[in-house]
Amino acid sequence: MKMQSVGFKADSKLEAFINQKLRKLEKFENKITTYEVILNIDKASNKENKVVEVKMNVPGNELFAKKKSKTFEEATDLVAEALRSQILKYKEKR
C-alpha cells in the first residue's frame, strides 16, 4: 500500500486506521493488487476539508474513490464504502 499525505505528515495511528479499513475490502475481492492512498487538506473548505483519495487495482480494472469530510477517519469510511459497492459491481460483470 502506497500512502502519501500532501502538505502534512500523517501519524502512524491514522495510517494504521486507513490500512485496516482498506484491507477489509479484501473479503469482497481477494485479487486486489495495489492501493494508492492520497490524503489532502482542502484549503477552500472550512469544516469538511479532509480529503481521502484511493486508487485500487484489481485484475483488468482500476477502481477509484475520493471523499471529503470533517475527519480523515470519516472520509476513509466513505471511501471504503464507495469502493465496496464498486467491487460488488465489478464482480457482477466478471
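Scroll up to find the structure.
All values derive from a computational prediction rather than experimental measurement. (Residues numbered from 1 in each chain as written. Predicted model: local features only at pLDDT ≥ 70, side-chain atom pairs only at ≥ 80, totals over all residues. Heavy atoms only, no water.)

Caption draft 1: Looking closely at the sheet that holds strand E4 (residues 61-69). A sheet is described by the order of its strands in space; here 4 strands give the open sequence E1-E2-E3-E4, paired in mixed fashion. Each edge of the sheet is formed by a strand with only one pairing partner; in this case those strands are strand E1 (2-5) and E4. Direction aside, the axes of adjacent strands within the sheet are offset by 10 degrees on average. In terms of strand pairing, E1 meets strand E2 (residues 34-41) through 4 bridges, oriented parallel. Its bridge partner lying in E2, Gln4 is registered against Ile38. Here helix H1 (residues 12-23) sits on the sheet and contacts E1, E2 and strand E3 (50-58); the angle it forms with E2, its principal contact strand, is near 135 degrees. The sheet strands contacting helix H2 (residues 72-93) are E2, E3 and E4, and the helix crosses E4 at an angle near 150 degrees. (Pairing = 2+ DSSP bridges. Helix = DSSP H or I, 4+ residues; strand = E, 2+ residues; numbered from the N terminus. Axes fitted to C-alpha atoms, helices over the stretch in contact; angles between N-to-C directions. Contact = heavy atoms within 4.5 Å.)

Caption draft 2: Highlighting the packing of H1 against H2. Running from N to C, H1 and H2 point in directions that differ by 15 degrees, and their axes come no closer than 10 Å. Between H1 and H2, the crossing angle belongs to the class labelled roughly parallel. Crossing of H1 over H2 shows right-handed handedness. Seen from H1, the contacting residues are Leu14, Phe17, Ile18, Lys21 and Leu22; seen from H2, they are Phe72, Glu73, Thr76, Asp77 and Leu83. (Parallel < 35°, antiparallel > 145°, perpendicular 65-115°, else oblique. Left-handed = near helix turned anticlockwise from the far one by under 90°.)

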